[in-house]
Amino acid sequence: MSTAQMSQSVKDLVDKQKAKMEAKGATTVPPTVLIDLSAVPDLKSKVAYSDIVGEPHPDGVERYYPAVTEKWAHPEDIPTPDAKWVPDHDTLPGTIACIMYGHNGLVVGPPGTGKTTDVREICARAKIPYYRFSGMEGLEPADLLGQMQLRGGETKWTDGAIMRAVRHGGVWAYDEPFKSPPGTNMAVQWLAEPAKADRSVMLYGHENEDDIKVPAHPQFRMMLCDNARGTGDNMDIYAATNVQDASFINRMQYKIRKDYMHPDVEERAIVTAYPWITDALAKKMVQFAGMMRKAWQQGSIEIPFSFRELETWAEIIAENGGKISEALDSCFGNMLESGDEQELFDK
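From a predicted model like this one, the values you see are computed outputs, not experimental measurements.

What counts and what doesn't
Residues numbered from 1 in each chain as written. Predicted model: local features only at pLDDT ≥ 70, side-chain atom pairs only at ≥ 80, totals over all residues. Heavy atoms only, no water. Axes fitted to C-alpha atoms, helices over the stretch in contact; angles between N-to-C directions. Helix = DSSP H or I, 4+ residues; strand = E, 2+ residues; numbered from the N terminus. Parallel < 35°, antiparallel > 145°, perpendicular 65-115°, else oblique. Left-handed = near helix turned anticlockwise from the far one by under 90°. Contact = heavy atoms within 4.5 Å. Nonpolar A, V, L, I, M, F, W, Y, C, P; charged D, E, K, R; others polar. Salt bridge = Lys/Arg side-chain N within 4 Å of Asp/Glu carboxyl O. Buried < 20%, exposed > 50% of the residue type's maximum accessible area, 1.4 Å probe, protein only.

Draft legend 1. Summary view of the packing of helix H10 (residues 279-297) against helix H11 (residues 307-319). For the pair H10 and H11, interaxial distance at closest approach is 10 Å and the crossing angle is 140 degrees. What the angle tells us is that H10 and H11 run oblique. Crossing hand, H10 versus H11: right-handed. Here H10 contributes Leu281, Met285, Val286, Phe288, Ala289 and Arg293 to the contact with H11, which in turn contributes Phe307, Leu310, Trp313, Ala314 and Ile317. For the contact of H10 with H11, the per-class residue count stands at 10 nonpolar, no polar and 1 charged.

Okay, structure coming up:
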């Protein structure tokens, strides 16, 4: 159903309700209630958005999520919070809800927007184990699930990359998953089911028949972080991306778009992490980054200018004695080749 059709359906419901009330002689028509929030079960144990992020949301509305009170088998896998991380409040509510409610999610956005970083920082602050894995061409199901291997003169089962999170719980952050072959990702499709469904994985070839099917830990969840949607979009920019099976993508309960942070947020992030960068310089750096991103999106230059370039630029300024333009050349300008690219850069 399109947005226009949905709006018309709602209008029809309202009109019918009004007609019924007017037929009964009512002088006032109560508004049609489409959602009854009182029927939503209360959270038994909850944690506030501000407690996870470390500051309130700018809109002034406090959000609450289920608190994770699990006694983890591997607490050493909980990451340490980065004190220099600056939250992007535009997208964090959705990412936090996805993780704290135990859903699987897909975070999509341009390079260097902080997709994986946000997932890591949420895990660090909510005390959830975090496992990062990068997709790649040639990846096989055995790399994720495991296989029989010769160890100490005996052939024994060896778990693959995803199995520690599956067995013991935590967030498995699958970075650039659509660089992997679609058939490989289908091997973990059952793990992408909703939390209340049969989340499990099949270890075909396992030495013990009773150990072939492994139910996922109740606190297991998967977060996919990629530049593309896996549908064949932007293949000219992300050439290594593989078209994925739609059923795998469809199983991600949350779909989150993560674009570059608002300029004010990027400026704050730069001066927080690199105290030698003044507010005035940070503003100019972020303005330049915005110009380069627009040029990249329009196809005028072939190399994106992400937040990573801003960070590297700030670092090199300190390393080369404050030479701003020279630092910019070192982290970005020297990679521009065509006359049109260089001319745009020089402007």
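Draft legend 2. Focus on the packing of helix H3 (residues 92-100) against helix H4 (residues 115-126). Where H3 contacts H4, the two axes come as close as 10 Å, and the packing angle between them is 55 degrees. Our classification of the angle between H3 and H4 gives oblique. As H3 runs across H4, the sense of the crossing is right-handed. For the pair H3 and H4, the contacting residues are Leu92, Thr95, Ile96, Ile99 and Met100 in the first and Asp118, Val119, Ile122 and Ala126 in the second.

Draft legend 3. How the structure looks around the pattern of salt bridges. What the rule picks out here adds up to 17 salt bridges. With its nearest N and O atoms 3.5 Å apart, the salt bridge here joins Asp226 to Lys179. In this pair, Asp226 is assigned in strand E10 (residues 220-226) and Lys179 in the loop between strand E7 (170-175) and helix H7 (182-186), connecting sequence segments 47 residues apart. Exposure class is identical for Asp226 and Lys179. Each is buried. Between Glu266 and Arg293 there is a salt bridge whose closest N-O contact spans 2.9 Å. One end of the pair, Glu266, is in helix H9 (residues 263-273); the other, Arg293, is in helix H10, and 27 residues separate them in sequence. Arg293 matches Glu266 in its accessibility class, with the two residues each being buried. By sharing partners, the salt bridges in this structure join Glu76, Asp77 and Arg164 into a single network.

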